[in-house]
Amino acid sequence: MEQFPRRLLTVVTEAVLERDLVTELESLGVRGYTITEARGKGSRGRRQSDWAQEGNIRIEIVCEPALADRVAARLRERYYDHYAMILFLQDVSVLRPDKF
Amino acid sequence: MPQLDPVIWFFVLGVLAGAARADLRLPAAIYEFVSTVLLLAIGLKGGVELARDSGGLPVAELGGILLLGFLLPLPAFALARFIGRLPRADAASLAAHYGSVSVGTFAVVMGYLATRGIAFESRAPVWVVMLEVPAILVGIVLARGLSGNIAWSHLLRELFLGRSIVLLLGGLAIGWVAGPEGTASIQPLFFDLFKGILALFLLEMGLIAAAQLPTLRRHGLFIVGFGVAVPLAFALVGAGLGDLLGLSLGGVTVLATLAASASYIAAPAAFRTAVPEANPALSLTAALAVTFPFNILVGIPLYERLAAALAG
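Calculation notes
Residues numbered from 1 in each chain as written. Chains lettered and ligands numbered in written order. Predicted model: local features only at pLDDT ≥ 70, side-chain atom pairs only at ≥ 80, totals over all residues. Helix = DSSP H or I, 4+ residues; strand = E, 2+ residues; numbered from the N terminus. Rg over C-alpha atoms; globule rule 2.2 N^0.38 Å. Buried ≥ 20, exposed ≤ 12 C-beta atoms within 10 Å, placed from the backbone. Contact = placed C-beta atoms within 7 Å. Pairing = 2+ DSSP bridges. Axes fitted to C-alpha atoms, helices over the stretch in contact; angles between N-to-C directions. Left-handed = near helix turned anticlockwise from the far one by under 90°. Nonpolar A, V, L, I, M, F, W, Y, C, P; charged D, E, K, R; others polar. pLDDT = per-residue confidence, 0-100. Parallel < 35°, antiparallel > 145°, perpendicular 65-115°, else oblique. Expected span 1.5 Å × (residues − 1). Bend = angle between axes of the 7 residues up to and from the residue. Core = buried A, V, L, I, M, F, W, Y, C linked by C-beta atoms within 7 Å.

Another point: the overall build of chain B. The helix and strand inventory of chain B stands at 17 helices and 0 strands. In summary, chain B has a C-alpha radius of gyration of 18 Å against a globular reference of 20 Å for 312 residues, a match within 12%. Within the span of chain B, comprising 312 residues, buried residues form 54% of the whole. Sequence separation of at least 24 residues holds for 88% of the intrachain contacts in chain B that already meet a minimum separation of 6.

In this section: the sheet that holds strand E1 (residues 4-14) of chain A. Residue and element names in this part refer to chain A. Overall, antiparallel pairing links the 4 strands, which are arranged E2-E5-E1-E6 in an open sheet. The strands lining the two open edges of the sheet, one partner per strand, are strand E2 (34-38) and strand E6 (85-94). Taken over all neighbouring pairs, the strand axes of this sheet differ in orientation by 20° on average, direction set aside. For E1 and strand E5 (residues 56-63), the ladder comprises 8 bridges, and the chain directions are antiparallel. Note that in E5 the partner of Leu 9 across the bridge is Ile 61. Together, E1, E5 and E6 form the strand contacts of helix H2 (residues 65-79), whose direction differs from that of E1 by roughly 15°.

This part takes up the packing of helix H4 (residues 73-83) of chain B against helix H5 (residues 88-99) of chain B. Between two packed helices, the angle of one axis relative to the other and the distance separating the axes together describe the packing. Residues and elements named next belong to chain B. One way to put it is that H4 packs onto H5 with a least axis distance of 8 Å and a crossing angle of 145°. Regarding H4 and H5, the two cross each other, and that crossing is right-handed. Contact residues: Pro 73, Ala 76, Phe 77, Ala 80 and Arg 81 in H4; Arg 88, Ala 91, Ala 92, Leu 94, Ala 95, Ala 96, Tyr 98 and Gly 99 in H5. Across the contact of H4 with H5, the residue classes tally to 10 nonpolar, 1 polar and 2 charged.

In this section: the confidence of the model for chain A. Averaged over every residue, the pLDDT of chain A is 89; residues scoring 70 or more account for 90%. Between the elements of chain A, mean pLDDT differs from a low of 60, seen in strand E4 (residues 45-47) of chain A, to a high of 96, seen in E6 of chain A.

Once that is clear, we can look at the packing of helix H3 (residues 59-71) of chain B against helix H8 (residues 134-144) of chain B. Residues and elements named next belong to chain B. Put simply, H3 and H8 touch, their axes get as near as 7 Å, and they point 30° apart. It follows that H3 is roughly parallel to H8 by the angle criterion. The two elements H3 and H8 meet at a crossing, and its hand is right-handed. Contacts from Leu 66, Gly 69 and Phe 70 in H3 reach Pro 134, Ala 135 and Val 138 in H8.

This part covers helix H17 (residues 280-311) of chain B. With 32 residues, H17 of chain B should reach 46 Å at 1.5 Å per residue; the first-to-last C-alpha distance of 39 Å falls well below that figure. The sharpest bend along H17 of chain B comes to roughly 55°, located at Gly 299 of chain B, with the proline Pro 301 of chain B sitting one to four residues further on.

Turning our eyes to something else, we now look at the nonpolar core. All names here are of chain B. Formed by 131 residues in total, the largest nonpolar core has its most connected members in Leu 38, Ala 92, Ala 95, Ile 136, Leu 202, Leu 255 and Ala 256. Examining the composition of this core, we find that 14 residues originate from one element, helix H12 (residues 194-211), more than from any other. Residues contacting Leu 38, with those up to four places away along its chain left out, are Ala 107, Ile 197, Leu 198 and Phe 201.

All names here are of chain A. In terms of residue burial, E5 counts as a mostly covered element, since 6 of its 8 residues are buried. Alignment of E2 against E5, held across 5 bridges, turns out to be antiparallel. Its bridge partner lying in E5, Ile 35 is registered against Ile 59.

As structure tokens, this is what we get:
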């Protein structure tokens, strides 16, 4: 079975940013993403998911490495200063390259 | 023991359970559902009453209340900036939160007045709508300046299409169109169960307020002082305006309570995206862990007495 290399970008951030981020991602050319509600603890304290107002979300994007890097750079530039946000990149393999 | 409305005890239970880290959490979907029912119920109730008395909406009164929404943030900003010595963005954020209103507090004063058989103007939900947005706009301008780089069209859209405004106005419109007979079929959920739904809402609010306590400890006395002094002062202003506008005893109590209340939904969300450098925990903690409990436990009975004193 042939596999194709892509990059997985995972972003964990404040739920309040969801709409802005989705617009941002689409303007950068991201075609698909998965968003889930999340909770956890980090440098900005514990983030609960039981109140949407204070909750976190996790966004996962699988795409071409160059695009993933562009998105990561943009998010870092725009949001790192003032928002609770982490992101990390992983190399992954996909079976249908045309989808990602 | 003071004669507390039973729903208030649910709030106390939530705070105690949260502070003790009891194994108690309402899923986010329940909170969403409960607050949706409350907002619709408040709107519907107002709409049905409006359909019944068909007095229309007095323009001068609504203008006065709108003006109140624009003016309230100014003294709050001055207090936070020059006495609290907070950074400009934080002071503006507090000003926006305290100038705007809390629908939860409004629901509690509705229940309080209903229990005592005190009538108030049926158009009161409209006051909530008029008071919610202006203070947030003023707060953002205080943080950014008029020439600041603000995406106004995006911001206004978010504010006017926020949950509370859509559901309150939607409920109001449905109640108005359907009238008392038309809404009879939905009465069990929205009217009969109002107090029970409010109790669940307050339980959750207690848990959320308890979660703010660590932040409260960190920010200390100024926040507590601000969170009690500002509502007391604003209640005086609200009651004064209500008296001036010739509102009923219940109406003056409601307007005083609204002026005293602080937003913990619309203002935090708007500020988080429009003024991200403001510390979100500061304003939210003041509004949720200090002012909300103060208003529902101590404030509302006090504001009723204030209204009675003005009327007498």
